[in-house]
Amino acid sequence: MSSTLTLARPYARAAFALARESGRLQPWSDLLAFAATVASDERVQSLLGNPKLQVADAVGLLLPNGDSDPTFAQFLTVLADNGRLSLLPDVAALYAELLAESQRIVKAKITSATALDAGELAKLKAALMKRFGREVEVETALDPELLGGAVIDAGDIVIDGSLRSKLARLESALSH
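The structure reproduced in this document is the subject of the present report. Worth saying up front: this structure is predicted, and the values here are computed from it rather than measured. (Residues numbered from 1 in each chain as written. Predicted model: local features only at pLDDT ≥ 70, side-chain atom pairs only at ≥ 80, totals over all residues. Heavy atoms only, no water.)

Some details on the pattern of salt bridges
Here comes step 1: Enumeration according to the criterion identifies six salt bridges in this entry.
Here comes step 2: A salt bridge links aspartate 69 to arginine 24, with the shortest nitrogen-to-oxygen separation between them at 2.9 Å. Taken together, the residues span a long stretch of sequence, with aspartate 69 in the loop between helix 4 (55-62) and helix 5 (70-81) and arginine 24 in the loop between helix 1 (2-22) and helix 2 (25-40) at a distance of 45 residues.
Here comes step 3: Residue aspartate 69 is classed as buried on the basis of its relative accessible area of 8%.
Here comes step 4: Since its relative accessible area comes to 30%, arginine 24 is described here as partly exposed.
Here comes step 5: Linking aspartate 41 and arginine 43 is a salt bridge whose minimum nitrogen-to-oxygen distance equals 3.1 Å.
Here comes step 6: Look at aspartate 41 and you get partly exposed, because its relative accessible area is 25%. (Salt bridge = Lys/Arg side-chain N within 4 Å of Asp/Glu carboxyl O. Helix = DSSP H or I, 4+ residues; strand = E, 2+ residues; numbered from the N terminus. Buried < 20%, exposed > 50% of the residue type's maximum accessible area, 1.4 Å probe, protein only.)

What follows is the structure, given as structure tokens:
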């Protein structure tokens, strides 16, 4: 995974630069998401790996119907010429990170043992906005194994306030 991210990073940066130059950051995000979804399909992966597949056919397969962004098509052609179409899911994910950073948005995933009500979620979001000094987009998930509390994953920062984690720390302290 990390090696594919290393390979995908320059392409994501190039895509972001091209999209920014053309003033089409969000449309490119949508185009990359579409191409990544198509490229992730097992049947498409086997096609993309076929040496008989022409570059133009591969690019046409990864473009949404009716798309007329020649720069994006050219970007896909560069990926195809370099045998890197399989990196599209990673390129799209890295591009999304660059887009969020440029918009000063922090994406946070809050995993809790039970569903959070709207009030609790609003308080957590406000606290995260205060901590990061940015807009926060929140995604929620449930994990009953946490027992209680929550784990907040905001990229490089993970805040583990779960009961499971607290019990593990207490157990470790008592055993030493």
